[in-house]
Structures are given as C-alpha cells and as structure tokens.
Amino acid sequence: MGRIAVIDFETNGLSPSASCRATEIAAVLVEEGRIVGRYQSLMNANVFVPREIERLTGISNAMLREAPPAARVMREVADFVGDTPLVAHNAAFDRKFWDHELALIGATRRQEFACSLLLARRLLPEAPDHKLGTLGRWLGLPVSGRAHRALADSEMTAHLLVRLQALLAERHGVRRTDHALLCALQKVPAARVADWLAQVR
DNA sequence: TGCCAGGCCCTCTTTAGGGCCTT
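Residues numbered from 1 in each chain as written. Chains lettered and ligands numbered in written order. Predicted model: local features only at pLDDT ≥ 70, side-chain atom pairs only at ≥ 80, totals over all residues. Heavy atoms only, no water.

Draft legend 1. Region of interest: the UniProt feature "domain: Exonuclease" (unreviewed entry) in chain A. Here the UniProt-annotated "domain: Exonuclease" (unreviewed entry) positions come out as residues 3-170. For the annotated span residues 3-170, helix accounts for 45% and strand for 20% of the residues, and the straight-line distance between the end C-alpha atoms is 21 Å. (UniProt positions renumbered as here; feature names shortened; annotations may be inferred. Helix = DSSP H or I, 4+ residues; strand = E, 2+ residues; numbered from the N terminus.)

Draft legend 2. Layout of the side chain of His 89. Relative to the helices and strands, His 89 is located in the loop between strand S4 (86-88) and helix H4 (91-104). Since its relative accessible area comes to 13%, His 89 is described here as buried. In terms of polar contacts, His 89 uses its side chain to reach the side chain of Ser 116, at 2.7 Å. At 2.9 Å, the side chain of His 89 and the backbone oxygen of His 130 are in polar contact. In contact with His 89, not counting residues within four places along its chain, are Asp 94, Ser 116, Leu 117, His 130, Lys 131, Leu 132, Leu 135, Thr 157 and Leu 160. (Buried < 20%, exposed > 50% of the residue type's maximum accessible area, 1.4 Å probe, protein only. Polar contact = N/O pair within 3.5 Å; in protein donor to acceptor, adjacent residues only side chain to side chain. Contact = heavy atoms within 4.5 Å.)

Draft legend 3. Expanded view of the protein's contact with DNA strand B. Close to DNA strand B lie 28 residues, the nearest being Glu 10, Glu 52, Arg 122, His 130 and Leu 132. Within 4 Å of the protein, the contacting atoms of DNA strand B are drawn from sugar and phosphate to the extent of 54%. Within the side chain of His 148, one N or O atom sits 3.3 Å away from a phosphate oxygen of DNA strand B. When contributions to the surface near DNA strand B are tallied by element, the ones reaching two or more residues are strand S1 (4-11), helix H1 (51-57), H4 and helix H5 (116-123). (Near = heavy atom within 4 Å.)

Draft legend 4. Geometry of the packing of helix H6 (residues 132-139) against helix H7 (residues 150-172). Contact geometry of H6 with H7 gives a least axis separation of 10 Å together with a crossing angle of 55 degrees. Relative to H7, H6 is oriented oblique. Remark: the crossing between H6 and H7 carries left-handed chirality. Of H7, the residues touching H6 (which contributes Leu 132, Leu 135, Gly 136 and Leu 139) are Asp 153, Met 156, Thr 157, Leu 160 and Arg 163. Residues that form the contact of H6 with H7 fall into these classes: 5 nonpolar, 2 polar and 2 charged. (Axes fitted to C-alpha atoms, helices over the stretch in contact; angles between N-to-C directions. Parallel < 35°, antiparallel > 145°, perpendicular 65-115°, else oblique. Left-handed = near helix turned anticlockwise from the far one by under 90°. Nonpolar A, V, L, I, M, F, W, Y, C, P; charged D, E, K, R; others polar.)

The following block contains the structure:
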C-alpha cells in the first residue's frame, strides 16, 4: 500500500471567496497503516472569523493575527505533500479550498482526492451517521486533540481511512486497498457496492 | 460589521426536493 496524505482545513466559512479563506491546514502522511509524518499551521489570510465559527473551531481573530501568511503556509504544505495522493473527510469541501489557496500562490493540484465520507457511507451504512466525530466515537478511534482543529481532525480521518482499508480486507476480501481503488469505490452507487467489491476481490 | 455553498444521494425521482456533510 502506497503513501497517502490526509488533509483537513479549518476555514472562516463554507465556500472560498475573497472574504472566505482557510484559517488552518494540517496534513498527515499515512504509510502501512501508520501515521509517519505531520504538518500543521494556522494561516493568516487577513479575513474575519465570525463568532460562531470561532466557537466551533477555537480559532480566533487574535490567533490569526499572529499566524504566518497564508501564502507561506500553502507553499510549505504543498511541498510537504508533494505528489502524494490525497484524502479528506467530505473531500469536496477541502478540495475546493485546496485548489483555491493553491491558485492564489500560482500553483495547481497534481493529484486526486479520495473522500472518507463517501467511502464510509458505502462501507459502514449501519453507522449512526457519517460525521467524522460520530464515526470516530462509534469505531473507537484514537483522539489526538480538540475536534474541529486541523491536526486532530486529519489524524482522526487518517485512523478512519486505515479502519476502512482493514474492513475492505477483512469483511470483503479486498486486498488491494490503494488510493486508485478508493477513488473508484467512492463513485460506485451505494446499491451496487456489494457486487462491485465481489468483482475486485 | 461580519459576509453563508455545493456535491452527493435517496426517493413519494429523472420536468424535483430535501437531508447529509464540510466550516
């Protein structure tokens, strides 16, 4: 199984724009089922964090005033990740911020995203719901810090990914659980997952 | 001062609506 980079953004809103930007990024490298590298930084994009989002994330405007510039942080995290295939929980969200922040430093994403939310909906349909926090508690995954901070959430997502890969092997007999297979699986209609898994086994 | 989206997926669907997820 190759190396995978799990990322998580904290932001001041839900859709990137001139006033809606990333406020924190974390990336963890996963290899052979273990976390082998970590990057985390607050990032100052000179935007305002509304009070309800400050309550959610614990990231305040005062903290961001002291943070390094967003452009410097994005250059660092892009170097840290390199060409490693990416995973995020609800990747559609993190992908649009990743692409937006990269574009602002004149860079372009070079790899695909797999989505642990889409994979969990297919492989754990019996879960109470598929929020990251719920899945972490339900599966008994390790907690490394405050929820809704980038490093803690990216580590939780990494543990979820490893658990999903183990499920593929143990419950479905799928030994090849690389990033390309995950990207293919997340596009399979939920009703056809069992047949699809039987074919790739 | 404090801005509020969008892809996925199900169904009482497909000429649509609404819940789930992310912050």
